[in-house]
Amino acid sequence: MRRGQFPPSGSAAAGALRRRRGKMADAVPAARWARAAAALLLGCCGAALASGIQDQAEQFFRSGHTNNWAVLVCTSRFWFNYRHVANTLSVYRSVKRLGIPDSHIVLMLADDMACNPRNPKPATVFSHKNMELNVYGDDVEVDYRSYEVTVENFLRVLTGRIPPSTPRSKRLLSDDRSNILIYMTGHGGNGFLKFQDSEEITNVELADAFEQMWQKRRYNELLFIIDTCQGASMYERFYSPNIMALASSQVGEDSLSHQPDLGIGVHLMDRYTFYVLEFLEEIHPASQTNMNDLFQVCPKSLCVSTPGHRTDLFQRDPQNVLITDFFGSVRKVEITTETISLDRDLAGFESKLPKDELTTEPLKYAEQLPVAQIIHQKPKQKDWHPPGGFILGLWALIIMVFFKTYGIKHMKHIF
Amino acid sequence: MAAAAAIAADERARGRRAALSFAAIAVVLGLPLWWRTTETYRAALPYGDIEGLGQLPFQLAVPVAVVFAPGSVPGDLPRPLPFRDVQEMEISVNRERHLWLSLPCPSVQADAALHPLQDASLGSMTMYVVPETSSLLPQGISVYVGKHRSALVRQLTQVMSFTASSISAALSDRVPNGQLGPDARRHLKSSLGYEITFSLLNPDPKSHAVDWDIEDAVNRYVQPVLDKLSLVANFSVDSQILYYAVLGVTPRFDKESSSFLLSAHSLPHVINPVEARLGSSAASLYPVLNFLLYVPERSHSPLYIQDKDGAAVSTNAFHSPRWGGIMVYNVEAPASPQVSLPLHVDVDMVRVMEVFLAQLRLLFGLSREELPPEFLLESPGNEGLADWELDRLLWAHTVENIATVSTTLTSLAQLLDKIGNIVIKDDVASEVYQAVASAQSAMAELAAGHLHLAFQASKEAVTSSERAFFDPSLLHLLYFPDDQKFAIYIPLFLPMAVPILLSLAKIVREARQRKKEPSKMD
């Protein structure tokens, strides 16, 4: 039973709170004043909340986020995985066009396409055949490139357990009012996703990472899109609230690529991402298109695989979720109606705080060769460690051979 | 013959004993050794204390001194005994936990003498009660709140310290959706420091050569406010000028006022194109507050912001919660059309700073709109905020810090339960202990009414808990699916286990046979 809900009107407010008093007679004016005080106090918050209630109805259907983040990951390297890089960069371009700034995008790419010796058009990555659209451009900001794209770094970015020396652009500084878009593409299988041909991330790890994000309230709502073979297996294990997931293919199906370019020699895009991007081209920052339309993108006739989605963990109805809630960045603004008045002729202000006098010591180079230490060195006391693996194994072998040859009755000669 | 059979039986018995001893050593020594050396290291954590912290039994005490002026107290008032009026409020935080807030009303110590009790310590209040007929307060005003911590009242009130809504706003990330008003999630979160950036945007340097004396303005007008807020957090200020930075929206020309208008619904789209150029990613790890001053191009001057009703906004400014504010500064058109470009513009920093500081107050949640009309507030002047407003901020931040610590630690405990391969090293455990101790001392100080000490303790608690939760070592181990674990251990254990198991099976079979044999033999 919930008591003490915020009361809608001031006079009823006093009754909604439970008060305990010491030994005080009722007739005392001080008690009356106290009651009036309480009523006034709650009248203040009551009035503020009455107007809040009609806004609440509006807000129930709107997302409560104040900022947007995007984490775009391409998990493959090598020239023949050109299409994965093109996928990720195209999503990056759309997301930037719809308003999310670079400082809020964490882009993880192997980034070995544009300057690959096999690229006939260096410094470009095309996403459409006949080389229509160069998605690499000159303002791509890759945060994790080449061998930095590892499962460990990805999980560190998501959970926030980053070493303190990491620069701000490599961090996901989201808070409880952030909507995050996570897009992953590459080669995958049933329950795992391959990272850079050397390791893999499992769906259980991903689900645990999202749970850690939820526990620390690092997201308000999360949209997870994955374009790999058997992509639906990656979102099977999610159990944290407020996650919506889309995948390009079901378990047992392969996601197929779209079109090869004969000039470049590789496939340029994957089908699912190609049709998602066609869909996103229609979206502009003020559009009201909702998620149900995104679910219809790329039916089986076009995509050959069956795209899937998962919304059971999401609190709002997908009908009410705007595409721009995740792909764009729309801020809440308020008009400033108050000002304060400043005294123009105030004399120069003496700061009351003690200014820290930074004692600057004279700078000098670090000792390149600490000669003094070497000459007058005492032998260092090394801690004794028990013998390590190899020595132990060698001795075990010797002892075993000895006793095998001579039999165990010779032990009494040793001990 | 019998001797040979006896020796053979002896040998067999010895063989049986050897096999059993192998199996025994493998099970008794080997299995526990393997188990202990492959489990994840977890240093001991105070789970019980964390559980207790999770209940969040807040008790907030405000020491209030009330001074009754002669004539304000009716003659028949018996000497009032000191009493505590406690209001308990339960706020449902989430489905599992309920938060108890007990807000004690002032412990009234009636003092009929006129000596003012000036208790100027953080968090306390002094009220001077004057009679109804007194002329100290102007007509129609029943409360006058000074800029320090005192108030002249005709009736007792509790405006100056905290209200239930401000406290629950501080806990907003724990309360489920829909229970709080729209104000609850827009104030800046409590942080150890803030970075303030003042930017001047000049999209048309060919027409306007804008000069702003920001350093002087910061020293004169901003620094007093930041000094006052220095108790709350560390502030650092920087400034920059950006050329050719345009707003993302094209303003509409309005024929009636012959000016350009930015309507209210296009304002949200203004910020994004500019943000990329602000360079906030190069700043510190603290939250950044951006204050932008936009001087419109000559072709779009004058530019006014329209609110929802279509009226021009007097301040010509808007702000975005948790981000900062933008003000549009119109340059007056020169008298004669034949004037040499670029026009030299000297920005009136006082007007600008009045708006920016007001936006700073709003971003922190210090708004004056919630008070009923019988209240007269003294303007805080150049300090920017009154002492009691600072107290309000500190109350809210302290509660928020303690709630954050509680959430962090309980979620760490829950995670350790759910996910098997998180490592807890010793230094992480010591941070957790420190966080728990600081949080408990913060709650004790809150109950005693010492706001400053409570705030310091809550800051330490937050720092320790964040350091513990976000320590990179917690991500030490990755997950291995069960079939991979089998694949690793079977080649190691199977060759050793097969002979042992087979010999045990043989022993069992022989034992059964021997049990049958005596019945066969006569």
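Residues numbered from 1 in each chain as written. Chains lettered and ligands numbered in written order. Predicted model: local features only at pLDDT ≥ 70, side-chain atom pairs only at ≥ 80, totals over all residues. Heavy atoms only, no water.

A word on the overall build of chain A
Part 1 of the argument: In terms of helices and strands, chain A carries 12 helices and 12 strands.
Part 2 of the argument: Sorting the 415 residues of chain A into buried and exposed places 50% on the buried side. (Helix = DSSP H or I, 4+ residues; strand = E, 2+ residues; numbered from the N terminus. Buried < 20%, exposed > 50% of the residue type's maximum accessible area, 1.4 Å probe, protein only.)

Description of the sheet that holds strand β12 (residues 259-262) of chain B
Residues and elements named next belong to chain B.
Part 1 of the argument: If you trace the three strands from one edge of the open sheet to the other, you get β11-β12-β14, paired in mixed fashion. The outermost strands of the open sheet, each flanked by one partner alone, are β11 (252-254) and β14 (303-305). Across the sheet, the mean angle from the axis of one strand to that of its neighbour is 40 degrees, orientation sign disregarded.
Part 2 of the argument: The sheet contact formed by β12 and β14 spans three bridges and is parallel. What sits directly across from leucine 262, in β14, is isoleucine 305. (Pairing = 2+ DSSP bridges. Axes fitted to C-alpha atoms, helices over the stretch in contact; angles between N-to-C directions.)

Describing the nonpolar core
Part 1 of the argument: Counting 82 residues, the largest nonpolar core has B:Phe198, B:Leu229, B:Leu293 and B:Met353 as its most contacted members.
Part 2 of the argument: Only α2 (47-55), β8 (193-202), α4 (214-228), β13 (288-294), α6 (349-364), α7 (387-418), α8 (426-448) and α9 (451-469) of chain B provide two or more residues apiece to this core.
Part 3 of the argument: With residues near it in sequence (within four places) discarded, B:Met353 still touches A:Leu342, B:Phe198, B:Ile214, B:Ala217, B:Tyr221 and B:Val222. (Core = buried A, V, L, I, M, F, W, Y, C linked by side-chain atoms within 4.5 Å. Contact = heavy atoms within 4.5 Å.)

A short note on the UniProt feature "transmembrane region" (unreviewed entry) in chain B
Residue and element names in this part refer to chain B.
Part 1 of the argument: Here the UniProt-annotated "transmembrane region" (unreviewed entry) positions come out as residues 18-35 and 486-508.
Part 2 of the argument: With 100% helix and 0% strand, residues 18-35 has its two end C-alpha atoms placed 25 Å apart.
Part 3 of the argument: As a span, residues 486-508 carries 100% helix and 0% strand, and end to end its C-alpha atoms are 28 Å apart. (UniProt positions renumbered as here; feature names shortened; annotations may be inferred.)

Points about the UniProt feature "transmembrane region" (unreviewed entry) in chain A
Part 1 of the argument: Sites flagged by UniProt as "transmembrane region" (unreviewed entry) map to residues 384-403 of chain A.
Part 2 of the argument: For residues 384-403 of chain A, the helix share is 75%, the strand share is 0%, and the end-to-end C-alpha distance is 29 Å.

A short note on α7(B)
Part 1 of the argument: For α7(B), which comprises 32 residues, the first-to-last C-alpha distance of 46 Å matches the rise-based estimate of 46 Å (1.5 Å per residue) to within 8%.
Part 2 of the argument: Burial analysis of α7(B) places 27 of its 32 residues in the buried class, the great majority of the element. (Expected span 1.5 Å × (residues − 1).)

Some remarks on the state of the cysteines
Residue and element names in this part refer to chain A.
Part 1 of the argument: For the structure on display, the rule yields one disulfide over all chains.
Part 2 of the argument: Here cysteine 298 pairs with cysteine 303 through a disulfide, and the sulfurs are 1.5 Å apart. Between cysteine 298 and cysteine 303, the S-S torsion sits near 90 degrees, and that sign places the bridge as right-handed. As far as burial versus exposure is concerned, cysteine 298 and cysteine 303 are alike and both buried.
Part 3 of the argument: Take cysteine 74: it sits in no disulfide, and the sulfur closest to it among the cysteines is that of cysteine 229, at 14 Å.
Part 4 of the argument: The structure places no disulfide on cysteine 115, whose sulfur is separated from the nearest cysteine sulfur, that of cysteine 74, by 15 Å.
Part 5 of the argument: Assessed through its relative accessible area of 68%, cysteine 115 is described here as exposed. (Disulfide = S-S within 2.5 Å.)

Description of the packing of α4(B) against α6(B)
Residues and elements named next belong to chain B.
Part 1 of the argument: Contact geometry of α4 with α6 gives a least axis separation of 11 Å together with a crossing angle of 40 degrees. In terms of their interaxial angle, α4 and α6 are classed as oblique. Regarding α4 and α6, the two cross each other, and that crossing is right-handed. In contact with Ile214, Ala217, Tyr221, Val222 and Val225 of α4, α6 contributes Met349, Val350, Met353, Leu357 and Leu360.
Part 2 of the argument: Of the residues contributing to the contact of α4 with α6, the split by class is 10 nonpolar, no polar and no charged. (Parallel < 35°, antiparallel > 145°, perpendicular 65-115°, else oblique. Left-handed = near helix turned anticlockwise from the far one by under 90°. Nonpolar A, V, L, I, M, F, W, Y, C, P; charged D, E, K, R; others polar.)

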